[in-house]
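Notes for the structure review
Below, each chain spelled out in residue letters.
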Amino acid sequence: MGKGRFEAFSDGVLAIIITIMVLELKVPHGAELSALKPLIPVFLSYVLSFIYVGIYWNNHHHMLHAVTSVTGPILWANLHLLFWLSLVPFVTAWMGENHFASIPIALYGGVMLMCALAFMLLARLMTRHEGADSKLARAFGKDRKSKLSLVLYVAGIALAFVNSWMAVGCYVAVAVIWFVPDRRIERVLRAD
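So, here's what we can say about the structure. Predicted model, so just to flag it, every value in this text is computed and none were measured.

What counts as what
- Residues numbered from 1 in each chain as written.
- Predicted model: local features only at pLDDT ≥ 70, side-chain atom pairs only at ≥ 80, totals over all residues.
- Heavy atoms only, no water.
- Axes fitted to C-alpha atoms, helices over the stretch in contact; angles between N-to-C directions.
- Helix = DSSP H or I, 4+ residues; strand = E, 2+ residues; numbered from the N terminus.
- Parallel < 35°, antiparallel > 145°, perpendicular 65-115°, else oblique.
- Left-handed = near helix turned anticlockwise from the far one by under 90°.
- Contact = heavy atoms within 4.5 Å.
- Nonpolar A, V, L, I, M, F, W, Y, C, P; charged D, E, K, R; others polar.
- Buried < 20%, exposed > 50% of the residue type's maximum accessible area, 1.4 Å probe, protein only.
- Expected span 1.5 Å × (residues − 1).
- 1 Å grid on protein atoms, 1.4 Å probe; cavity = no way out; pocket = protein on both sides within 12 Å on 5 of 7 lines; lining within 4 Å.
- Points joined across faces, edges and corners; volume = space filled by probe spheres on them.

Let us now look at the packing of helix H1 (residues 4-23) against helix H4 (residues 88-97). At their nearest, the axes of H1 and H4 sit 9 Å apart, and the two run at 20 degrees to each other. When the interaxial angle is binned, H1 and H4 end up roughly parallel. As for how H1 packs across H4, the hand of that crossing is right-handed. Along the contact surface, H1 presents Ile 17, Ile 20 and Met 21, while H4 presents Val 88, Pro 89 and Thr 92. When its residues are assigned to classes, the contact of H1 with H4 shows five nonpolar, one polar and no charged.

Below, the structure is given as structure tokens:
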């Protein structure tokens, strides 16, 4: 199957997810700068999640450039990823509204962990479909970044019950690791 509709659908869902997140930013009831202070946790949660969704969109986009077609299982794996990403606005709002309390932070990490696992599954299925010597297989290699991300998510979930800011620090670290688009795919595409 061609990948055009696959990419268009995914782009649309991700755009809606970002729209839902920004709609959670409520306008303060005062005209003074001090009226913004209670919104700081909500805004910080939004920024982190916006970066995450942007990272997924960026890497999804790069990955699709390295494949020639998609299959039924790949479509389902993509829906699995989009399901977990669709929960990001909820956990973002809950974490921000509750000023980074332990349980919302742990659930945020749980959703991010599931997003990462879903993306890894999608990447594996695409790599298997394209073949062991494909551009995508060469680009991903051992995929240390993904494995490190899983460790940081699990650490963040556990740390949420010890120190909320250390947990958030783990999630920020994952975002920093992935902030630059995955150059591995770009290098392989340029080489061919």
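From this point, things continue past the structure.
Turning our attention to the environment of Met 63. Positionally, Met 63 belongs in helix H2 (residues 40-65). On the accessibility criterion, Met 63 (0% relative accessible area) is buried. C-alpha separation for the pair Met 63 and Ala 173, spaced 110 residues apart in sequence, amounts to 22 Å.

Let us look at helix H7 (residues 144-159). Between its first and last C-alpha, H7 extends 22 Å over 16 residues, near the 22 Å set by a 1.5 Å rise per residue. Ser 146, Ser 149, Leu 150, Leu 152, Tyr 153, Gly 156 and Leu 159 are the residues of H7 that are buried. Each element contacted by the buried residues of H7 is listed here: H2, helix H5 (102-130) and helix H8 (164-179).

The next subject is the layout of surface pockets. Its boundaries defined by the atoms lining it, the largest pocket holds a volume of some 210 Å³. As for the largest pocket, its lining consists of Met 1, Gly 2, Arg 5, Phe 6, Phe 9, Val 70, Leu 75, Trp 76, Asn 78 and Leu 79. Mapped by element, the contributors of at least two residues to the lining of the largest pocket are H1 and helix H3 (72-86). If one sorts the elements of the lining of the largest pocket by residue count, H3 sits on top with four residues. Considering only residue class, the lining of the largest pocket consists of seven nonpolar, two polar and one charged. The calculated volume of the second largest pocket comes to roughly 160 Å³.

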